[in-house]
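Working through the structure, step by step
One letter stands for each residue in the lines below.
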Amino acid sequence: MTSPVSQPAELIGHVPASEANQQRVREGAGLLTSAALKKLDEDLPWYQTLPREERQWVGLVAQQGITAFIDWYTSAGQSGRTPGDMFSVAPQDLTRSISLQHTLQIVRCVVEVVEAYSDRLAAPGQERDLREAVLRYSREVAFEVAEVYARAAEVRGAWDARLEALVVDAIVRGDRDKTLRSRVSTLGWSGTGKVVVMVGSTASAFDDVKSADLRRATRRVFDDVLVGIQGDRLVLVLGGHGDLVSAAESLAPRFGAGPVIIGPVVPTLDDAPRSASAALAGLEAVSAWPGAPRPVGADELLPERMLIGDPLARVALVAQAFEPLSGSGGSLLETLSAYLGTGRSLEGAARDLYVHPNTVRYRLRKVAELTGWDPLDARESFVLQVALAAGRLPEPL
């Protein structure tokens with residue numbers, strides 16, 4: 001059979017030029033396919049580094065690109081096939097291993113091959129018609145590529161959102177699932193820093209646009225971010241380095257009206273349930289402190305959390321206040337008890353203890369240094385009073 005490249009024009013003299021072009025393009029399919037595969041090898045270094053199976057899929061996409069162009073061109077758009085059919089031979093997972101930029105390079109190779117051979121394939125005098133068809137085809141393929149990756153991104157985004165919701169829910173429930181780390185790594189969590197959990201209410205009409213805006217804002221401040229929307233409650237799991245509490249405070253305006261609670265900073269994501277538990281208990285108890293700042297740390301709400309039965313709050317109060325005072329020799333604990341028992345009166349405590357008021361003042365300063373809470377401050381003296389009560393109660397069963 002005479003090759004379409006070398007076939008003389010007089011053999012197709014009675015055939016209209018456009019039909020002649022169609023015939024010659026059909027007969028040149030093998031030539032175009034071979035040239036396209038060769039160009040992939042020569043022009044795309046990343047193609048050589050792909051695993052063998054993925055190289056085969058990319059090669060099939062290129063071959064299908066040639067076939068799709070020929071069908072598109074020879075049927076004048078009546079075959080029911082579109083330029084995007086070139087991607088139908090590849091599995092959807094290919095869009096995860098081959099980037100959009102690489103896919104466009106594949107398309108460019110296919111188009112450049114067809115364009116380079118257009119003068120050899122076209123019937124005499126019809127070269128311009130074939131070149132213009134190649135340009136139209138390349139434009140349509142570009143739109144199809146964008147649609148393929150947009151669909152893949154939409155599916156991946158929906159899957160990621162579901163996975164993220166499951167991970168945040170597991171952290172909130174306190175699950176110690178061994179698969180947690182693999183799940184968050186799928187979501188891009190690097191896990192190189194400490195972690196803090198932040199909770200509050202969602203802003204009104206918290207739609208997908210506001211959710212995306214929140215994610216962008218948090219990622220500008222933190223290395224790692226998980227966002228959980230649970231009804232009207234917003235849960236942020238934040239990871240990174242530096243002062244995480246100050247960074248978290250800057251996100252308070254992103255929440256809706258009402259209190260915003262920042263849990264304690266924990267070393268790793270494995271400890272995130274502890275931060276989440278404290279933050280959620282603080283959210284439940286914060287109404288007992290009308291003057292609480294916004295945001296407020298969960299550990300600033302230890303007395304209120306203990307009143308609602310949070311066992312972690314009781315343990316923290318005893319460990320941070322009662323045990324250090326009782327282990328200091330007795331005078332500090334006795335002095336604090338006397339000061340609180342006399343209505344926070346230095347003179348009254350001094351009379352009960354038979355010491356000078358300056359001695360009481362000195363011992364109270366030592367209490368502040370030892371516990372971190374100043375008995376001379378109204379709020380912090382309340383924290384200390386609850387801590388003393390917690391330490392005197394018997395251990396819960």
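Residues numbered from 1 in each chain as written. Predicted model: local features only at pLDDT ≥ 70, side-chain atom pairs only at ≥ 80, totals over all residues. Heavy atoms only, no water.

A closer look at the packing of helix α16 (residues 346-353) against helix α17 (residues 357-371)
Two elements in contact, α16 and α17, have axes separated by 8 Å at closest approach and are oriented at 105 degrees. The orientation of α16 relative to α17 falls into the category roughly perpendicular. Residue-level contacts link Leu-346, Ala-349, Ala-350 and Leu-353 of α16 to Pro-357, Val-360, Arg-361, Arg-363 and Leu-364 of α17. Within the contact of α16 with α17, the residues separate by chemical class into seven nonpolar, no polar and two charged. (Axes fitted to C-alpha atoms, helices over the stretch in contact; angles between N-to-C directions. Helix = DSSP H or I, 4+ residues; strand = E, 2+ residues; numbered from the N terminus. Parallel < 35°, antiparallel > 145°, perpendicular 65-115°, else oblique. Contact = heavy atoms within 4.5 Å. Nonpolar A, V, L, I, M, F, W, Y, C, P; charged D, E, K, R; others polar.)

Observations regarding the nonpolar core
Inside soluble globular proteins, nonpolar side chains tend to come together where they are buried. Membership of the largest hydrophobic core comes to 33 residues, with the highest contact counts inside it found for Leu-40 and Phe-69. Elements that contribute at least two residues to this core include exactly α2 (29-43), α3 (45-48), α4 (52-74), α6 (100-116) and α8 (127-173). Apart from residues no more than four positions distant in its own chain, Leu-40 is found in contact with Tyr-47, Val-58, Gly-59, Ala-62, Ile-106 and Cys-109. If you look at the next biggest cluster of nonpolar residues, it comprises 29 residues, including Ala-313, Ala-316, Val-318 and Leu-332. (Core = buried A, V, L, I, M, F, W, Y, C linked by side-chain atoms within 4.5 Å. Buried < 20%, exposed > 50% of the residue type's maximum accessible area, 1.4 Å probe, protein only.)

Some remarks on the sheet that holds strand β1 (residues 194-201)
In space, the five strands of this open sheet follow the order β2-β3-β1-β4-β5, with mixed pairing throughout. Across the chains shown, the open sheet's two edge strands, defined by having one partner strand only, are β2 (224-230) and β5 (296-297). Note that β2 and strand β3 (residues 233-240) share seven bridges and pair antiparallel. Across the sheet, the residue bridging to Gly-228 is Val-235, located in β3. Across the sheet, helix α12 (residues 272-285) touches β1, β3 and β4 (261-262), and the angle it forms with β1 is around 25 degrees. (Pairing = 2+ DSSP bridges.)

Here we look at the pairing of β3
With seven of eight residues buried, β3 lies mostly within the body of the structure. Relative to β3, β1 is paired through eight bridges, and the arrangement is antiparallel. The residue bridging Val-195 from the neighbouring strand is Gly-239, located in β3. Hairpin remark: β2 followed by β3, antiparallel, with two residues in the connecting loop; positive phi at Gly-231, about 70 degrees.

Details of the pairing of β1
Taken across its eight residues, β1 has seven buried, putting it largely inside the fold. By the bridge criterion, two bridges tie β1 to β4 in an arrangement that is antiparallel. Following the sheet pairing, Val-199 is matched in β4 by Ile-261.

Some words on the side chain of Arg-379
Relative to the assigned elements, Arg-379 resides in helix α18 (residues 378-392). Engagement of the side chain of Arg-379 in a polar contact is seen with the side chain of Glu-304, the distance being 2.6 Å. Discounting chain neighbours no more than four positions away, the residues touching Arg-379 are Trp-289, Glu-300, Leu-301, Pro-303 and Glu-304. (Polar contact = N/O pair within 3.5 Å; in protein donor to acceptor, adjacent residues only side chain to side chain.)

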